[in-house]
Amino acid sequence: MKIYISADIEGISGIVAVNQVLPGERDYQRSRELMTQEVNAAIEGAVAVGATEIVVNDLHGAGTNILIESLNNKAQLITGSSHKGAMMEGLDSSFDAVIFIGYHSRMNVSGVLSHSFHGGVISNININGKDVGEFYMNACVAGHFNVPVVLVSGDNILEEEVKDVNAAIETVVVKTSYGRYAAKCLTPSVVFEKIIEKSKVALINARNIDPIKVQEPHEMRITFFNSGQAESASIMPGAELVGPNSVSYSGKTIMDSYRALTAMIKIAKSN
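Residues numbered from 1 in each chain as written. Predicted model: local features only at pLDDT ≥ 70, side-chain atom pairs only at ≥ 80, totals over all residues. Heavy atoms only, no water.

J.: So what exactly am I meant to see when it comes to the sheet that holds strand 7 (residues 149-155) here?
T.: Strand pairs in the sheet, formed through backbone hydrogen bonds, run parallel or antiparallel to each other. Spatially, 3-2-1-4-7-8-9 is the arrangement adopted by the 7 strands of the open sheet, whose pairing is mixed. Two strands in the sheet have a free side with no partner beyond their single neighbour: strand 3 (75-78) and strand 9 (183-185). Sheet twist, expressed as the average angle between the axes of neighbouring strands with direction ignored, equals 20 degrees. In this structure, strand 7 lies alongside strand 8 (residues 170-177), joined through 5 bridges in parallel fashion. Bridged to Val152 within strand 8 is Thr171. The sheet contacts of helix 4 (residues 188-204) involve strand 1 (2-7), strand 4 (97-101), strand 7 and strand 8, and relative to strand 8 the element is tilted by about 155 degrees. (Pairing = 2+ DSSP bridges. Helix = DSSP H or I, 4+ residues; strand = E, 2+ residues; numbered from the N terminus. Axes fitted to C-alpha atoms, helices over the stretch in contact; angles between N-to-C directions. Contact = heavy atoms within 4.5 Å.)

This is the structure in structure tokens:
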């Protein structure tokens, strides 16, 4: 059994503030340790039910958050800033299941540290009339390779987002949102046990969880925080400026749209 773990930091228990997730800021080192430990819990659960190969992708920021010296040695780590595969670098059809650890809800909902890919650039992402965030986009990338997302951990608002897409996906709610910068959090030891147990359940049941697919072709509409960002992003081939701060892109596949989104964010960051 070959497992892919995609790990972010904002959805880790105990993390509620921006200064906890940025390198050089207060509490960042502690956050890295908590993130690594929650990933280790997912690895432990996967190994317990027969996983023979586990790949972990550190996808937050520059991708240098997980402490490799503390990572369970049953896994391999993708670290650093990827430009092609982005948050799902290294995933292909050879994997049996995907686990999301430390994820957060999309922008414009009340989840802890909610945002969509880049909190200073993206105000909203819409696919075929559905507002979506990182969970949905990354799950659709997994679906492109016919690999199911079987477990997602994060706050209760993210759980609602996940269950709205596929109720069969297992979830671990590590904290209950009290707003964008506050939450009622489970202690790490409790979280670790929950992730271990839910990883086992999810992977045993993986064949009964359908991959998430998006209609193809489809229309992606990205709303930026300001008109300058949208104008810059609209130079992307295939993109069209459809409002003062909105760009439309018609994708033949989710991979087309995913790469276009990544490119437009990089272009828009200059404004």
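J.: Teacher, can you tell me more about helix 6 (residues 254-268) here?
T.: Side chains that are three or four residues apart share a direction in an α-helix, a result of its 3.6 residues per turn. End to end, helix 6 covers 21 Å across 15 residues, agreeing with the expected 21 Å (1.5 Å per residue, within 8%). Along helix 6, the residues that are buried comprise Ile254, Met255, Ser257, Tyr258, Ala260, Leu261, Thr262, Met264, Ile265 and Ala268. Summarising the contacts, the buried residues of helix 6 are in contact with strand 5 (122-127), helix 2 (134-144), strand 10 (218-224), helix 5 (227-233), strand 11 (239-243) and strand 12 (246-251). (Expected span 1.5 Å × (residues − 1). Buried < 20%, exposed > 50% of the residue type's maximum accessible area, 1.4 Å probe, protein only.)

J.: Help me out: how do you make sense of the packing of aromatic side chains in this one?
T.: Aromatic ring pairs are described here by two measures, namely the spacing of the ring centres and the angle between the planes. Per the stated rule, a full pass over the model turns up 4 aromatic pairs. Between Tyr4 and Phe95 the ring centres are 5.4 Å apart and the planes differ by 85 degrees, which places this aromatic pair in the edge-to-face class. Highlighted residues: Tyr4 in strand 1 and Phe95 in the loop between strand 3 and strand 4, separated in sequence by 91 residues. Comparing Tyr4 with Phe95 shows no difference in burial state: the two are buried. For the pair Phe100 and Tyr103, a centre-to-centre distance of 4.2 Å together with 5 degrees between the ring planes defines the contact as stacked. One exposure class covers both Phe100 and Tyr103, and it is buried. Here a set of aromatic residues connected by ring pairs shows up, and it is made of Phe100, Tyr103 and Phe135. The cationic tip of Lys2 hangs over the ring face of Phe95; the distance from NZ or CZ to the ring centre is 4.4 Å. The lysine or arginine in question, Lys130, covers the ring of Tyr136, its NZ or CZ lying 5.9 Å from the ring centre. (Phe/Tyr/Trp six-rings, centres within 6.5 Å; stacked < 30°, edge-to-face > 60°. Lys NZ or Arg CZ within 6 Å of the ring centre and 35° of its normal.)

J.: I keep staring at the environment of Ile195 and nothing clicks. Help me out?
T.: Here Ile195 lies in helix 4. Residues Ile195 and Ser234, 39 residues apart in the sequence, show an inter-C-alpha distance of 41 Å. Setting aside residues no more than four positions away along its own chain, Ile195 makes contact with Glu38, Ala41, Ala42, Ile101, Leu151, Ser153 and Val172.

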